[in-house]
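# Analysis of the macromolecular model
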Amino acid sequence: MEIKINATAQPKEKPADESKLGFGRIFCDHMLLIDYDRAKGWHNARIEPYAPIELDPAAACLHYGQMIFEGLKAYHGNDEGIYLFRAVENFKRLNNSARRVCMPELDANLGMEALKKLILLDREWIPKARGTSLYIRPTMIAIEPFLGVQAANKYLFYIIIGPVGSYYSEGLSPVKIYVEDKYVRAVPGGTGEAKTGGNYAASLLPAKEAKEKGFAQVLWLDGCEKMYVEEVGTMNMFFVIDGEVITAPLTGSVLSGITRDSVIRIVRDWGLKMEERLLSIGEVVAAASNGNLKEAFGTGTAAVISPVGQITYKDKDYVIASGKMGELSQKLYDEIVAIQYAEKPDPYGWVEKIG
Ligand SMILES: *Cc1c(COP(=O)(O)O)cnc(C)c1O
């Protein structure tokens, strides 16, 4: 499919200070769009100036939540090259999400080609400081104007991109998390393993209540028994107990994080014991009490590794790793970031130089 380019005649001013980029508020000059309807399939791939899109107020995505998204980054390497990290995995996961909410799949090769074209057109926007990057948000929405609870016949896929700051501009300080025992995020058979908007809307109230109590994030327990640890906020969760690195298995209610998968691979390569298994909150707090819980950290594209310094469960606080960043957390962070910025050889074939 040909991807038409309609470059902007009025480029925006780029942010001058890379230390003040923040996250998710600045967007580049261009966006990529592809239309879909049942008769034609995907068609009319085009890059246009970044601008509001017109939607009928009856558009299906605005009523019954038929929408999915992805999140990934492009990095400015040491050698002035531009790198993507495991981007094809994001397109595969987009299609897994699409199937769950009855949306059409998009050919991953087309997605990759379109993404590269868009990034290279706006390459001057990619910040250079270590830790900064270009955030990429592929999105698919149902746009058919029709008020009925059924899969739409028309969709729009688009990608927007924008420079983001270092997640750790204030340093890698461990966060306090609240073990959520009232609300749940996902249940087996539900939509927890899809990156679909409704999951995140449902998480806002628990997150707000936790924030009011002084916590950065909530740790979700499984939705049936509220017994097994699953994820934290928009990150997968890892615990280091008795020399074993443990993360929740992909049982259907856990999002299959690409950072999660990378961490599992690296931990195994380092010869450590890595288990994907059910881990009860009882086991976690018992290990925290008797000193066997050495580290806990979240994993996700935004932060890479986010150390947890304290968890609070049923009004009891448990300090982890003396509230500091653990040794393994730091080592994993350094390793993954060095691969992403092409500062060291990539033994996994995870990074792709695109320009
Ligand atoms: C996106 C996401 C993650 C992390 O996935 P990555 O591919 O590592 O960025 C984890 N949990 C949830 C709920 C998410 O939405």
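Here we summarise the structure given alongside this text. Each residue is numbered by its place in its chain's sequence as written, counting from 1. Residues qualify for local features only when their pLDDT is at least 70, as the model is predicted, and side-chain atom pairs are given and counted only at 80 or more; totals for whole chains, interfaces and linings, by contrast, use all residues. The basis for every side-chain value is the complete set of heavy atoms in the structure, and neither hydrogens nor water enter the calculation.

### What to know about a nonpolar patch on the surface
Worth spelling out the cut-off: Candidates for patches are residues over 30% relative accessible area with no salt bridge; among them, like charges are joined within 9 Å and nonpolar side chains (Val, Leu, Ile, Met, Phe, Trp, Tyr) within 5 Å. Every accessible area reported is derived by Shrake-Rupley at a probe size of 1.4 Å, with residue values counting cover from the shown protein chains alone. Here, a salt bridge means any Lys or Arg side-chain nitrogen found within 4 Å of an Asp or Glu carboxyl oxygen. For the purposes of this entry, the term helix denotes a DSSP run of H or I that reaches at least four residues, the term strand denotes a run of E that reaches at least two, and both are numbered from the N terminus. Throughout this description, buried means an accessible area under 20% of the type-specific maximum (1.4 Å probe, protein chains only), exposed means over 50%, and partly exposed covers the range between.
Taken together, Tyr64, Leu147 and Val149 make up a surface patch of nonpolar side chains, about 370 Å² in accessible area. For tyrosine 64, the location among the structural elements is in helix H1 (residues 61-64). On the accessibility criterion, tyrosine 64 (47% relative accessible area) is partly exposed.

### Quick notes on the site of the ligand
Condition: We call a residue near a molecule or strand whenever a single non-hydrogen atom of that residue lies within 4 Å of it. We call two N or O atoms a polar contact when they sit within 3.5 Å, provided that within protein one can donate a hydrogen and the other can accept it, with sequence-adjacent residues counted only if both atoms are side-chain atoms. Under the convention adopted here, Pro, Cys and the residues Ala, Val, Leu, Ile, Met, Phe, Trp and Tyr are nonpolar, Asp, Glu, Lys and Arg are charged, and Gly plus all remaining residues are polar.
In the neighbourhood of the ligand, 14 residues make up the surrounding shell, with Lys195, Tyr200, Glu231, Thr259 and Thr301 lying closest. With respect to the ligand, the side chain of tyrosine 200 contributes an N or O atom lying 2.5 Å from an oxygen atom. For the ligand, whose accessible area on its own is 380 Å², the fraction buried by protein is 96%. Put simply, the parts of the chain that give the shell around the ligand at least two residues each are strand E12 (235-241) and helix H5 (258-269). Taken together, the residues that form the shell around the ligand break down as four nonpolar, six polar and four charged.

### Quick word on the pattern of salt bridges
Under the counting rule described, the total for this entry stands at 21 salt bridges. Linking glutamate 89 and lysine 92 is a salt bridge whose minimum nitrogen-to-oxygen distance equals 3.5 Å. Here glutamate 89 and its partner lysine 92 are both found in helix H2 (residues 87-100), three residues apart, which amounts to about one turn of the helix. According to the relative accessible area criterion, glutamate 89 is partly exposed, its value standing at 26%. Assessed through its relative accessible area of 45%, lysine 92 is described here as partly exposed.

### As for the side chain of lysine 195
For clarity, the cut-off: Asp and Glu are treated as the negative residues and Lys and Arg as the positive ones, with His and the ends of the chain left uncounted.
Mapping lysine 195 onto the fold places it in the loop between strand E9 (175-180) and helix H4 (197-212). Buried within the structure, lysine 195 lacks any salt-bridge partner; its nearest side chain of opposite charge belongs to glutamate 70, at an N-O separation of 5.5 Å.

### Quick word on the pairing of strand E13 (residues 244-247)
Rules: Here, any two strands with at least 2 DSSP bridges between them count as paired.
Burial along E13 is two-sided: Glu244 and Ile246 and Val245 and Thr247, pointing in opposite directions, are all buried. With four bridges connecting them, E12 and E13 associate as antiparallel partners. In the sheet register, phenylalanine 239 faces E13, and the bridge partner there is isoleucine 246. The loop that links E12 with its antiparallel partner E13 comprises two residues; one of these, aspartate 242, has a positive phi angle of about 55°. Pairing between E13 and strand E14 (residues 273-276): four bridges, direction parallel.

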